[in-house]
Amino acid sequence: MSTIEEIVQGKGKFVDDIVLPGMQHMSVIRSNYSRGKILGISGGYTFKDFPAYMSSVGEGASEGEKNMREPVLADKYVNYIGEPVAAVLGKNRYEAEDLSEKVEIEIEPLTPMMDPEKSIDAPPVYPYMKSNIYKKVTLGRDFRTDGFEVEIEGHFNNRRVATNPIEPRGIVAAYEDNQLTVWISTQSVHSIKEGLSEVLSMPEDNIRVIQADTGGAFGLKGGLYSEYALAAFLAKKTGKPVKWIESRREHLMASRPGRGTSAFVKLYANRSGRILGMKGKVIVDSGAYSGGSGEFAARFVGMQMTGPYKIENAYVEAYPVFTNKVVQGPYRGAGRPEAHFFIERMIDMLADKLKMDPVDVRLINTVNSEFKSPLGMDVPPAKEFLEEAISKLNYRKLYKEKPGFAFFVLVPAFQPGETARIKIENNEVKVWLGGNTHGQRHDIFVKTLVNEGLGINRDLVHLQLGDTSMLKSGIGSWGSRSAMVGGMAVHEACKKIKQAFIAKNGIYSADALLKEGADEFVHWRGEGTMNSLGCNLVTCEVNDRGQVKVKECAAYYDVGRALSPEVVRGQVSGGMAQGIGQTLYEEIMYSDDGQLLTASIADAGVPIASQLPEYKVLLSNTRSNLATGAKGVGESPTIGVPIALSRAIENVTGVKITETPIRQELLLRSMKH
Amino acid sequence: MSVNKIKVTVNNKVFEEEIDSRLLLVDFIRENLGLTGTHVGCDTTNCGACTVLLDGKPVKSCTVFALQANGKSITTIEGLSHGKEMHPIQKAFLDKNGLQCGYCTAGMIMIAHWLIRKNPEATRDEIREAISGNLCRCTGYDSIVDSIQEASQNMIPEEEEDITAGQRGR
């Protein structure tokens with residue numbers, strides 16, 4: 001792993017910086033239609049050369065039925081714009097792109113299904129299916145709704161958002177002596193290895209996956225993609241290394257975006273604001289094939305839909321549905337922001353209906369004991385934290401400025417724990433983690449924990465990039481988990497090393513250990529859950545052109561013990577920017593006939609510095625019951641900020657907010673009247 | 001393919017190369033010269049990861065032809081440090097957590113370099129405006145603004161004159 005000092009001097013080693021002798025560049029020819037029948041392809045490598053189907057690995061991926069799986073290269077039909085149809089190799093990127101121009105694909109366009117809510121009742125995209133619902137999920141128990149004093153309903157939508165790390169996807173693959181080696185920008189080398197093994201029908205032992213410096217990921221780089229399998233296949237077939245680097249346009253059309261989830265929600269309450277029941281119907285825009293996170297997202301969104309509130313009755317039906325779009329995947333938060341947007345918007349609506357302060361409705365519905373919600377979520381004691389947050393975030397004092405407020409449970413991906421290896425040799429400590437750092441600075445907590453566990457100077461401790469040949473198994477870096485579960489794996493490995501040293505030598509000495517050396521692998525397993533709480537407060541101004549300026553953007557989060565306060569602050573600030581982006585600017589948009597309208601990173605709405613505020617980050621440093629004291633943090637801001645900002649805009653403009661992004665024209669139109 | 005000869009000064013070193021006329025400046029810098037600190041993020045002049053200084057002015061090298069740099073002087077991220085001694089902007093980015101994944105950083109530092117020379121007393125809002133052609137997806141920008149503010153306090157004007165002189169190809 002390049003050190004931060006190297007990166008700041010331009011000496012990092014990202015995947016596009018890797019050059020191998022004889023290396024060829026791959027260019028992918030893609031479908032220009034969202035749905036169509038392939039009449040003919042001339043030139044390039046096609047499905048006939050590589051008749052393989054994608055495997056589903058990584059965060060929240062589910063396989064689905066066999067005939068729902070995505071072919072690596074389209075076979076007979078194309079089902080989303082940007083779907084890979086053929087590939088060519090050239091000696092450099094320019095030549096590969098020239099060659100791709102010579103490949104001719106004839107496609108007869110068919111009417112695409114672009115609207116997930118219409119998809120539920122529409123004729124199936126796939127003739128062998130009864131409907132476009134690929135798996136209906138129900139949570140909780142249905143209940144009678146007569147006799148409640150107050151009933152409100154809402155319909156909400158979080159549109160699709162591209163992950164847009166500044167470094168796009170990329171891979172270099174080389175094949176020699178039955179051995180495939182790939183260098184890749186990733187969150188999980190082990191997921192990539194497992195996926196490549198399945199798609200290429202190669203034993204895992206013959207595959208080595210090495211992480212390059214990874215320039216951001218946000219959920220994008222946890223799983224396998226067609227292009228990775230293709231590059232590996234072509235390296236094997238031609239015997240020469242193959243490099244593929246995604247263009248931004250390819251990213252926006254053919255890499256997995258997140259969100260894309262809507263819901264119909266009903267709340268039942270009494271006149272004093274106590275919520276007695278919640279019913280929801282969730283629709284997840286899963287895209288054209290299984291293998292993404294649609295099925296997982298449906299269940300995961302459903303589970304969180306009572307938020308931190310004690311609501312006795314709850315029932316959710318969730319539908320992952322097929323559309324003619326690229327398969328949906330995780331984007332920072334991955335189901336958490338959606339679920340909380342739905343319930344929190346309903347809480348604000350209930351407050352409006354009852355003419356109460358929305359924060360008081362939240363207080364009435366929280367309790368000071370832990371409980372499991374009827375939908376299956378473990379909710380930590382919430383009332384005291386909420387009271388603290390209201391006070392620390394100055395909600396009452398800022399009331400005149402019409403703040404929006406959010407309260408949520410962060411459900412991190414605690415299970416099934418994580419792996420770590422610590423190797424002490426030549427007076428230096430090398431550490432590998434099963435979850436691969438991609439900008440969150442895992443090296444800092446690793447130094448802290450090795451220093452605490454073994455008394456070794458931080459400067460001697462070096463986190464290594466992911467490498468399947470150096471660490472026998474691993475899960476991945478996602479779901480607000482790394483400091484928590486990766487940290488525990490490091491803690492346990494230190495403990496084992498120390499115990500073994502004492503058993504052998506009697507008394508412990510860090511200096512002697514550094515001379516003697518050690519090598520320990522640990523898979524620390526998380527049992528149960530490690531959920532935590534967070535609140536956000538946002539105020540804003542809206543000008544007469546419908547442009548929103550965020551003023552106060554504050555967070556109060558329970559992150560457990562912050563192993564590195566500066567890293568936590570960075571995580572929260574960056575996440576808040578993404579929360580604002582989703583709320584105001586970001587969207588992957590198609591025309592009704594399925595053409596992609598957001599084909600540059602500017603169209604897709606990634607926020608710029610002049611659009612964003614200064615952040616206020618407050619932490620409740622309450623240790624968790626883990627030995628390290630850590631809890632999750634990474635996804636909290638993407639949950640809380642859209643909720644608080646939506647409400648702030650509603651407060652200032654009077655326009656009812658039901659979806660993100662909040663389009664400027666909506667605010668403009670409503671303000672003119 | 002039409003081949004052309006160009007002569008450019010990169011980080012105070014003169015290079016004479018035969019290049020394809022359609023070669024982009026960023027590919028010339030990365031592939032021909034092997035200076036991979038300059039990155040490509042969006043291919044469309046939006047993200048600024050490819051920002052370099054061309055005769056002292058920032059350009060997005062993903063949409064400039066290498067030919068357009070003929071006879072001119074280029075400074076990339078690799079040209080900022082003096083041997084092992086990091087440039088004050090680089091130090092400030094380390095000090096103020098101005099980077100997380102580091103992919104946008106070279107572009108941010110180059111634009112900061114231009115800004116500080118032009119306006120050594122830039123306010124936070126002016127800094128935000130100046131870096132608004134450079135995207136960062138990790139930090140939310142506030143720590144980048146902190147870094148640039150700190151750097152502007154630590155940069156010695158005379159020291160910067162040397163780099164500018166080199167860029168003018170004197």
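Quick caveat, the model's predicted, so the values are computed rather than measured.

Caption draft 1: Layout of empty space enclosed by the protein. Residues and elements named next belong to chain A. Overall, the coordinates contain eight cavities of 30 Å³ or more when judged by the stated rule. Each pocket or cavity is described by its volume, and for the largest cavity that value is around 560 Å³. For the second largest cavity, the calculated volume is near 110 Å³. For the second largest cavity, the lining is made up of 15 residues, of which E59, G219, G223, R256 and P330 are closest to its centre. In the lining of the second largest cavity, the residues fall into five nonpolar, eight polar and two charged. Three or more residues apiece are contributed to the lining of the second largest cavity by two domains, here domain 1 (4-110 + 169-245) and domain 2 (261-411 + 529-672).

Caption draft 2: Focus on the layout of surface pockets. For the largest pocket, the calculated volume is near 1200 Å³. As for the largest pocket, its lining consists of 41 residues, and the residues nearest its centre are S27(A), E97(A), S100(A), S247(A) and E250(A). Among the secondary structure elements, those contributing two or more residues to the lining of the largest pocket are β1 (24-30), α2 (93-102), β5 (104-109), β11 (242-245) and α6 (248-254) of chain A together with α1 (25-32) of chain B. When residues of the lining of the largest pocket are assigned to their parent elements, the largest contribution, seven residues, is made by α2(A).

Caption draft 3: Just the side chain of R345(A), in detail. All names here are of chain A. Looking at the secondary structure, you find R345 in helix α8 (residues 336-354). Judged by its relative accessible area of 0%, R345 falls in the buried class. Separated by 3.0 Å, the side chains of R345 and D348 make a polar contact. In this structure R345 touches F156, H340, S646, R647, E650 and I657, once residues within four positions along its chain are discounted.

Caption draft 4: Structural view of the pairing of strand β2 (residues 36-42) of chain A. All names here are of chain A. Of the pairings in the sheet, the one linking β2 to strand β3 (residues 77-78) comprises two bridges and is antiparallel in character. Residue pairing in the sheet places K37 in a bridge with Y77 of β3. Pairing between β2 and β5: six bridges, direction antiparallel. Counterpart to G36 in the pairing with β5 is P109.

Caption draft 5: Examining the pattern of salt bridges more closely. Residues and elements named next belong to chain A. Overall, the coordinates contain 54 salt bridges over all chains when judged by the stated rule. Linking E587 and R159 is a salt bridge whose minimum nitrogen-to-oxygen distance equals 3.9 Å. Note that E587 is positioned in the loop between α14 (565-584) and β24 (616-620) and R159 in the loop between β7 (150-158) and β8 (170-176), a separation of 428 residues in sequence. Classification of R159 by relative accessible area gives partly exposed; the value is 22%. Ionic pairing is found between R396 and D357, a salt bridge with its closest N-O pair at 3.6 Å. Here R396, found in the loop between α10 (383-392) and β17 (404-410), pairs with D357, found in the loop between α8 and α9 (358-364); they are 39 residues apart in sequence, far enough to count as distant. Note on R396: relative accessible area 45%, which makes it partly exposed. What emerges from the salt-bridge pattern is a single network uniting E344, R345, D348, D352, R362, R647 and E650.

Caption draft 6: Broad picture of the interface of chain B and chain A. Listed by partner, the interface residues are 46 residues for chain B and 52 residues for chain A. In total, chain B and chain A occlude about 3900 Å² of area from one another, counting both sides; carbon and sulfur atoms represent 54% of this. Taken together, chain B and chain A are joined by eight salt bridges. A salt bridge links R30(B) to D17(A), with the nearest nitrogen and oxygen atoms 2.9 Å apart. Here chain B and chain A share 25 residue pairs in polar contact (both at pLDDT 80 or more) between them. Residue assignment for the side of chain B that touches chain A shows that the elements contributing at least two residues are α1, α2 (88-95), α3 (105-118) and α4 (124-130) of chain B. Residues of the side of chain B that touches chain A, tallied by class, amount to 20 nonpolar, 15 polar and 11 charged.

Caption draft 7: Inspection of the sheet that holds strand β1 (residues 3-10) of chain B at higher detail. All names here are of chain B. Spatially, the five strands line up as an open sheet ordered β2-β1-β5-β3-β4, and their pairing is mixed. Of all strands in the sheet, those with a lone pairing partner are β2 (13-20) and β4 (57-60), marking the two edges. Geometrically, the sheet is characterised by an average inter-axis angle of 40° between neighbouring strands, direction not taken into account. The pairing of strand β3 (residues 51-54) with β4 spans four bridges and is classified as antiparallel. In the strand pairing of β4, V52 is matched with V59. Across the sheet, α1 lies against β1, β2, β3 and β5 (73-75), angled at about 110° from β2, the strand it touches most. Across the sheet, α3 touches β3, β4 and β5, and the angle it forms with β3 is around 40°.

Caption draft 8: Fine view of the packing of α8(A) against helix α15 (residues 636-653) of chain A. Residue and element names in this part refer to chain A. Relative orientation of the contacting elements α8 and α15 amounts to 30°, with a least axis distance of 9 Å. What the angle tells us is that α8 and α15 run roughly parallel. Between α8 and α15 lies a crossing whose hand is right-handed. The residues of α15 that touch α8, namely those facing R336, P337, H340, F341, E344, R345, D348 and D352, are T638, I639, P642, I643, S646, R647 and E650. Looking at the contact of α8 with α15 residue by residue, the classes come out as five nonpolar, three polar and seven charged.

Caption draft 9: How the structure looks around the packing of helix α4 (residues 189-200) of chain A against helix α5 (residues 226-238) of chain A. Residues and elements named next belong to chain A. As a packed pair, α4 and α5 sit with axes 10 Å apart at the nearest point and diverge in direction by 65°. The interaxial crossing formed by α4 with α5 has right-handed handedness. Contacts between α4 and α5 pair I192, L196, V199 and L200 from the former with Y228, A229, A232 and F233 from the latter. Residue composition of the contact of α4 with α5, grouped by class: eight nonpolar, no polar and no charged.

Caption draft 10: Representation of the domain arrangement of chain B within the structure. Residue and element names in this part refer to chain B. Taken domain by domain, chain B consists of domain 1 (3-79) and domain 2 (88-167). At the junction of the two partners, domain 1 supplies 21 residues and domain 2 supplies 17 residues. With both chains or domains summed, domain 1 and domain 2 bury close to 1600 Å², and 58% of this area falls on carbon and sulfur atoms. Linking domain 1 with domain 2 are six residue pairs in polar contact (both at pLDDT 80 or more). Put simply, the parts of the chain that give the side of domain 1 that touches domain 2 at least two residues each are β3, β4 and β5. Along the lines of polarity and charge, the residues of the side of domain 1 that touches domain 2 split into seven nonpolar, 11 polar and three charged.

Caption draft 11: Spotlight on the pairing of strand β10 (residues 207-211) of chain A. All names here are of chain A. By the criterion of burial, β10 is predominantly enclosed, with four of the five residues buried. Here strand β9 (residues 179-184) pairs with β10 via five bridges, running parallel. Among the inter-strand pairings, T181 is bridged to a residue of β10, identified as R208.

Caption draft 12: Quick look at the side chain of S152(B). Residues and elements named next belong to chain B. Locating S152 in the fold gives a position in helix α5 (residues 142-154). With a relative accessible area of 16%, S152 lands in the buried category. Side-chain polar atoms of S152 contact the backbone oxygen of Q149, separated by 2.7 Å.

Thresholds, definitions, all that
- Residues numbered from 1 in each chain as written.
- Chains lettered and ligands numbered in written order.
- Predicted model: local features only at pLDDT ≥ 70, side-chain atom pairs only at ≥ 80, totals over all residues.
- Heavy atoms only, no water.
- 1 Å grid on protein atoms, 1.4 Å probe; cavity = no way out; pocket = protein on both sides within 12 Å on 5 of 7 lines; lining within 4 Å.
- Points joined across faces, edges and corners; volume = space filled by probe spheres on them.
- Nonpolar A, V, L, I, M, F, W, Y, C, P; charged D, E, K, R; others polar.
- Domains from an automatic or database assignment.
- Helix = DSSP H or I, 4+ residues; strand = E, 2+ residues; numbered from the N terminus.
- Buried < 20%, exposed > 50% of the residue type's maximum accessible area, 1.4 Å probe, protein only.
- Polar contact = N/O pair within 3.5 Å; in protein donor to acceptor, adjacent residues only side chain to side chain.
- Contact = heavy atoms within 4.5 Å.
- Pairing = 2+ DSSP bridges.
- Salt bridge = Lys/Arg side-chain N within 4 Å of Asp/Glu carboxyl O.
- Buried area = accessible area lost by both parts, 1.4 Å probe.
- Axes fitted to C-alpha atoms, helices over the stretch in contact; angles between N-to-C directions.
- Parallel < 35°, antiparallel > 145°, perpendicular 65-115°, else oblique.
- Left-handed = near helix turned anticlockwise from the far one by under 90°.

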